[in-house]
Structure formats: C-alpha cells, structure tokens
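# Breakdown of the fold
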Amino acid sequence: MLRRSLLKLAGATAIALGAGQALAADMPAPFDKPEDVTIALVRYLSTGDFFQAYLSGVETQSEALGVDLRVFDSRQDAALQADMVDQAIALGVDGIIIQHGLTESMKEAAQRAVDAGIKVVAFDVNVENEAIPQIEQSDYMLGKLALEQAVKDNGTDFTAGYVYVPGIAPLDRRHVAWEETKKANPGITEAAMFGTLDNPIANSVANQARAVLQANPTINVVFAPYDEFAKGVKIAVDEAGLTDDIDIYSADVSTADISAMREPGSAWVATVATNPAVVGEVSVRALAMMLAGENPGASVIVPPTLITQDFLNEKDIKNMDDLSASMPQFAHADVAMTEWIQLPKR
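Residues numbered from 1 in each chain as written. Predicted model: local features only at pLDDT ≥ 70, side-chain atom pairs only at ≥ 80, totals over all residues. Heavy atoms only, no water.

### So, the sheet that holds strand β12 (residues 305-308)
Our working definition: Pairing between strands is defined by DSSP: at least two bridges between the two strands are required. By the criteria applied, helices consist of DSSP H or I runs no shorter than four residues and strands consist of E runs no shorter than two, each listed in order from the N terminus. The axes used here are C-alpha line fits, helices contributing only the stretch in contact, and every angle between their N-to-C directions lies in the interval 0 to 180 degrees. The criterion used for residue contact is that any of the two residues' heavy atoms lie within 4.5 Å.
Taken in spatial order, the six strands of this open sheet run β7-β6-β8-β9-β10-β12, and their pairing is mixed. Of all strands in the sheet, those bounded by a partner on one side alone are β7 (189-194) and β12. With strand direction ignored, the average angle separating the axes of adjacent strands in the sheet is 20°. Of the strand pairs in this sheet, strand β6 (residues 159-163) and strand β8 (residues 221-224) are connected by three bridges, and their pairing is parallel. Bridging across to β8, alanine 160 finds its partner in valine 221. On top of the sheet, helix α5 (residues 139-154) reaches β8, β9 (247-251), β10 (268-273) and β12; it is set at about 160° to β9, its chief contact.

Following this line, the structure appears as structure tokens:
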C-alpha cells in the first residue's frame, strides 16, 4: 500500500511538472524563463497616493509575469533620474519603464538605453523617441472632462485659480484643455496661476494657495489637475473658511482623495481619473509585449472617467475597491493585452 501511494505521488508530481513545462513552453521567449528577465522602473515622481498605487500595479503585474523588478526613485531630481537610467543599463536589465520626468533630461538617457538594446516604455514623459511607446491616461481628456464639469456646475462666467507646473508632460497635456476651455468661454477669467512640485507637494501648494486666495477674493473655481495640487488647495480653502464659495476640480484619484471629497461641505467636487494601479499594470504589459517581439503601439492609452462628489456620496464609496466595484473600468483596462500575459490576482 505504501509502495502504491509513493508511485501515485511520483506520478502526480510528474504530471504537475509536465504541466509546468507545458505552460512554460507556451510562453514566448524570454518569458519561457521569466526568472531570467529583469526590468527596471525609473521614477521621477513618487510622492502621493497616486504614485504608490502606480508602483503597486507595476509590482503586481511583474510578480504575475514572474520577472525581477528593480525600482529606482529619483524624487524629482532630473539629473539623478538620468543617472538611474544609466545604472539600469549597467545592471544589464532587459527593459525599462520611465515614469514621469523632464524631456530635456530624459531624452538622451532613454536613447542610451535603446542604443544598448534595452526595450523602453515611458509613462507620462515625452522622450521624443519613436522606438519608445508612450503610456498615457489620455491626459488631455482628464483635463477636458474636469473642465466640462466645471462649466456645467458654474456656467461660462467664473473667476478661476489654476495650478500648473510647465515642463511635466501630463500637466502640459492637461494645460491644452485649460487653454481651449478659456478660449471657448471668454467669460472665464484666470485670476492666478501658481504651482510647485516641491516636497511635500500638497503642503507646498497649500502655502501658495493661501496667498493666492487672499490676494484674489473673487476666485470661485480652482482647476488643480493633479490630486496632490487639489489636496493643497483644499487645505488652504478649508483654513480660509471658503468651502461654500469655491469649487475644486482635479485629476487622479486615491482612497485618501475619496475621503477628502466626501468630507461634509468639501470644496473638492469632481476629479477625472484612471486607476493608477491599472496604469502600472498596463505599463508592465506593454514592456512585456516589446520584450516578446510584439508591438503594443506607439501610444498606449488608458481611458479616464469622471468622478463627482455626488456620485461618491450616492454610492457610499469609501475607497478604491468600492470605486472599482461601482465602475468596472477601474478594476481593469483592456489595454496592452495578449493571450499569454497572466494578469495579477484580484
């Protein structure tokens, strides 16, 4: 009986090993040996819930593929980010995800990676390289949908504060929507433009917003197309007791943002977003396709969705899981998909 049991166990083990080998054989190179694949995430921005969620998506999709992920965090140091691309090249990684950054500092660094035979994708940074797919949230649409809601709520005649830092690709694309909206609606007055990416971003923006609101008491709308910007403006609005007088419109979302939007009397009335974790997953999948010799396309776009304070309250949404349940497009984006890529476990 013991001998029969051992033979059955040996047979089951052989079947399991055979299934594993068959599964590996079904994967394109180099993912038939995923443990030998190393990818790097080189970050410019990392402060805030959005970027933590994005990192989580990169990590979970990398884990699902079975590859080795190395994370480099420059903390808004453009020169250091370029150096980190060179460090990744020196390590001999197979692929690199460049997350945010400045075109002037990343363009040559990205080209050095391509010249070294490394596959590269770029999320929300324009490295001006046809060999490098751009991963985007459709930042123009993020701005456009938020501003359409602002006009719907406030009409075409209001005084606005605008939070903007030029030179950052996603903010520059959202800026196009702001300029178009002002041009189409001459009654919209931009009373002040301000903004900073100094850490901690929300507190730094709050310091600026205090002075702006004091100097411009007629402001009744603030367009802050990045959630850390919106957090900072909300701090200043709350401190000034202007929650009933100002509406804040933003881009991006997190559990902390949802909580802030749902506070009683919150001035933060709408945001437009994709799930940053899903964008992280898409970034890894697009890179994996390139490593396997497939083409994800020059522009890989994850579509955004309008999220209003009214919707959050109506559905009693408390966190990102609730939001995903109420908005299926938040749980997954059918973008950069192939039959052989295993998705993260939900």
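### Digging into the packing of helix α3 (residues 78-91) against helix α4 (residues 103-115)
Rule in force here: In what follows, roughly perpendicular refers to angles from 65 to 115 degrees, roughly parallel to angles under 35, roughly antiparallel to angles over 145, and oblique to any angle outside these ranges. Note that Gly is not counted as nonpolar here; it falls among the polar residues with everything else outside the nonpolar set of Ala, Val, Leu, Ile, Met, Phe, Trp, Tyr, Cys and Pro and the charged set of Asp, Glu, Lys and Arg.
Contact geometry of α3 with α4 gives a least axis separation of 9 Å together with a crossing angle of 5°. The orientation of α3 relative to α4 falls into the category roughly parallel. Only Ser105, Met106, Ala109, Arg112 and Ala113 of α4 make contact with α3, whose side of the interface consists of Ala78, Gln81, Ala82, Val85, Asp86 and Ile89. Grouping the constituent residues of the contact of α3 with α4 by class yields seven nonpolar, two polar and two charged.

### Thoughts on the environment of alanine 150
Stated formally: Only protein chains enter the accessibility calculation, which uses a 1.4 Å probe; a residue whose area is less than 20% of its type maximum is buried, one above 50% is exposed, and one in between is partly exposed.
Locating alanine 150 in the fold gives a position in helix α5. Take alanine 150: its relative accessible area is 1%, and that puts it in the buried class. C-alpha separation for the pair alanine 150 and aspartate 32, spaced 118 residues apart in sequence, amounts to 50 Å.

### Regarding unusual backbone geometry
Glycine aside, residues mostly have negative phi angles, and peptide bonds mostly take the trans form. Note that the residue after alanine 29, namely proline 30, is joined by a cis bond; omega there is 5°. With respect to the element layout, proline 30 can be found in the loop between α1 (2-26) and β1 (38-43). The omega torsion of the bond from asparagine 199 to proline 200 falls at -15°, within 30 degrees of zero and hence cis. As for its placement among the helices and strands, proline 200 is situated in the loop between β7 and α7 (201-215). Here aspartate 252, not a glycine, exhibits a phi torsion of approximately 80°, which is positive. Relative to the assigned elements, aspartate 252 resides in the loop between β9 and α9 (255-261). On the basis of relative accessibility, which here comes to 3%, the residue aspartate 252 falls in the buried class.

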